[in-house]
Amino acid sequence: MHRSRNCGAARLAWVPVALWMLAVAPAALAQAESDCFQLTRELRALKTPVAGARSEDLKSCFYTLHVHAVRVTDSCPGVRSAAIDPEQVRRWVEKANEIYGAAGVRFEFDPTPKSGDWALLPSTEVNDLSAELPGDIGWERGKSMGNELAAHFPGKVLLLFRHGPGDAPTGGGFSSTKYNFVALPGYNVTTVCGGQNEFLFAHEMGHYFGLNHTFRQFKTQAAAAEALRSAGNKPSAFDADGIAETPPEPYIEDLQCASDTTVSLNGIPFSLHRDNIMSYYRSGTKRLTPEQIRVVRNWVERRFADAMDRLGPFVPDERRTYLIVSAENGKSLEVAGASVEKGAKVVPADWNGTASQNWEIVPLTAQDAGSFEIVSSASGKCLTVESGGDEGASLIQWDWEGGRNQKWRFTQDKTGDLVIEAKQSRKVLTVAGGPQAMGVKLVPPAPEGAQSQRWRLVPQD
Ligand SMILES: [Zn+2]
């Protein structure tokens, strides 16, 4: 355990929510296949004839999406926890990848404890989410909180594993294009035909990416026949998705676990789309149709293209230690004189390989989600804006006290360099007095960016 990361002070009751998405390139990205986000950006920038040639590449590229899995409990932590663990999330994600691979979409989830893909959230409002109930105060509040949390992870798919209202856990999940999270139940409480529902995550991801059910739902064959009769025996009464590849389907609960692939109602034959991911009928395999793939890819772009633009929030990896290096003069931030005392200045200096130039970057949570403590590996003290904190203030190390002058945000600019902003003042870390200067202070960001305000995190492990 890295107690030194705590800056010697007691933490809030919130469980640290770790973040990472762009800091570590997954091994899979090292392969030759191209990244769809990158490719579509390039295509937008190209003139038509070239774009025409490159658009062929869209058929073989992949959208890689990181999953951020949150196990929700009541606000009193630990009460009515959703029954889910990281390994179970991994299994669901793996199953979804078997289906969405055909769409060129790949979900990534790292189940190791410090990966940052896994977090806990004590919130009774979110824990009570049961279904979409527009206008219901509980739903509206829970939805807002889910959307708010999703905003802190702009490049990730947010999964909220919740218990549901009442004493017994829900077995259902839901999602939609109208909000930015996927509500899911515990792993083993969701069953289909007596077994664990291995396709549930993939199904809800379908809704999240704009897919509707393939069917209209009925308890019995007689009820379906009756409904068809009242609709003038028009098969289109059972069309729920408007997709020609999945003709109107009656979903008859009594047949869910059977193996029928057709059913006749009032003399009209219907195909059952057992192997479609948006059908409720049980099947050992599930898939997407070409039209469903088109819808999904469209929604992946709509939801994530901006976040994947490399501009905007940057998330360091809390498992590593970093040098914080000025893009202007190549110097590294260090605690002056390798001091371990409160109040020691933090200054740029030539690299010397000592721990007083190493920093751990620890994500904060709750209302501070998206901000970080920057902790000296040598002293365990935190990068802090010196008292006053006004323009031109300099930097010191201090015990963690949770002050706004100890919270930092990282933004990546077009060059890939980072701007480091104090949450307190929105002023940014700047090398003072030109390239040779040995000071660092906090000043307002230059409108077009400035070399003296650009930094690089260089991992040391
Ligand atoms: Zn559904």
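Predicted model only: the values in this text are computed from it and were never measured. (Residues numbered from 1 in each chain as written. Predicted model: local features only at pLDDT ≥ 70, side-chain atom pairs only at ≥ 80, totals over all residues.)

S.K.: Now, about the overall build of the protein: what can you tell me, with residues and values included?
M.R.: Check the secondary structure of the protein and you find eight helices and 24 strands. By residue count, 40% of the 461 residues in the protein fall in the buried class. Summarising the internal contacts of the protein: among those between residues at least 6 apart in sequence, 63% fall at separations of at least 24. (Helix = DSSP H or I, 4+ residues; strand = E, 2+ residues; numbered from the N terminus. Buried ≥ 20, exposed ≤ 12 C-beta atoms within 10 Å, placed from the backbone. Contact = placed C-beta atoms within 7 Å.)

S.K.: Now, about the pairing of strand β21 (residues 418-422): what can you tell me, with residues and values included?
M.R.: The element β21 is extensively covered by neighbouring structure, given that five of its five residues are classed as buried. Burial along β21 is two-sided: the residues L418, I420 and A422 and V419 and E421 are all buried. Across five bridges, the pairing between strand β20 (residues 408-412) and β21 is antiparallel. Looking at β21, one finds that W408 is bridged to A422. (Pairing = 2+ DSSP bridges.)

S.K.: Please provide a residue-by-residue account of the packing of helix α3 (residues 86-100) against helix α6 (residues 200-208), values included.
M.R.: For the pair α3 and α6, the least separation of the axes is 8 Å and the interaxial angle reads 60°. In this view, α3 runs oblique relative to α6, as classed from their interaxial angle. As for how α3 packs across α6, the hand of that crossing is right-handed. Within the contact between the two elements, α3 uses W92, V93, K95, A96 and I99 and α6 uses F201, A202 and M205. Among the residues making up the contact of α3 with α6, the classes are represented as seven nonpolar, no polar and one charged. (Axes fitted to C-alpha atoms, helices over the stretch in contact; angles between N-to-C directions. Parallel < 35°, antiparallel > 145°, perpendicular 65-115°, else oblique. Left-handed = near helix turned anticlockwise from the far one by under 90°. Nonpolar A, V, L, I, M, F, W, Y, C, P; charged D, E, K, R; others polar.)

S.K.: Would you mind going over the nonpolar core in detail, with residue names and values included?
M.R.: Of all hydrophobic cores here, the largest spans 53 residues; its most connected members are V70, A96, L159, L160, F161 and V182. Contacts of V182, omitting those with residues within four sequence positions, involve V157, L159, L160, G173, S175, E204, M205 and Y208. If you look at the next biggest cluster of nonpolar residues, it comprises 38 residues, including V315, I361, L364 and L457. (Core = buried A, V, L, I, M, F, W, Y, C linked by C-beta atoms within 7 Å.)

S.K.: Account for the environment of A102, with residues named and values stated.
M.R.: Within the secondary structure layout, A102 lies in the loop between α3 and β2 (105-108). For A102, a count of 14 C-beta atoms within 10 Å gives the class partly exposed. When near neighbours in sequence (up to four residues on either side) are disregarded, A102 contacts R287, L288 and I293.

S.K.: Give me the lowdown on helix α8 (residues 290-304), citing residues and values where you can.
M.R.: With 15 residues, α8 should cover 21 Å at 1.5 Å per step; its first-to-last C-alpha distance of 21 Å lies within 8% of that length. Among the residues of α8, those classed as buried are Q292, V295, V296, R297 and V300. Those residues of α8 hidden inside the fold are in contact with β1 (63-73) and β2. (Expected span 1.5 Å × (residues − 1).)

S.K.: How would you summarise unusual backbone geometry if you had to cite specific residues and measurements?
M.R.: Despite not being glycine, A338 shows a phi value in the positive range, around 50°. Position of A338 among the secondary structure elements: in the loop between β14 (332-335) and β15 (346-349). Judged by the 15 C-beta atoms lying within 10 Å of it, A338 is partly exposed. Phi is positive for R426, which is not a glycine, with a value near 60°. The class of R426 is exposed, set by 11 C-beta atoms lying within 10 Å.

S.K.: Outline the confidence of the model for the protein, listing residues and values.
M.R.: Interpreting fine coordinate detail is not advised for predicted regions of low pLDDT. Confidence in the prediction for the protein averages 86 pLDDT; 87% of positions are at 70 or higher. Low confidence marks residues 1-31, where pLDDT is under 50. Its contacts with residues over four positions away, or in another chain, come to 61 contacts. (pLDDT = per-residue confidence, 0-100.)

S.K.: Provide a residue-level description of the environment of T124, including the pertinent values.
M.R.: As for its position among the elements, T124 is in helix α4 (residues 124-127). Through-space distance from the C-alpha of T124 to that of G142 is 8.7 Å; in sequence the pair is 18 residues apart. Look past the residues within four positions of T124 in its chain and what remains in contact with it is D74 and S75.

S.K.: Can you tell me about the pairing of strand β3 (residues 118-122), naming the residues and giving the values?
M.R.: Counting buried residues along β3, four of its five residues qualify, which places the element largely inside the surrounding structure. Two elements, β1 and β3, share five bridges in a ladder whose sense is parallel. When the bridges of β3 are listed, R71 appears paired with L120.

S.K.: I'd like a rundown of the environment of G242, residues and numbers included.
M.R.: With respect to the helices and strands, the residue G242 is situated in the loop between α7 (221-230) and β9 (249-252). Once the C-alpha coordinates of G242 and N212 are considered, the two residues, 30 residues apart in sequence, prove to be 8.8 Å apart.

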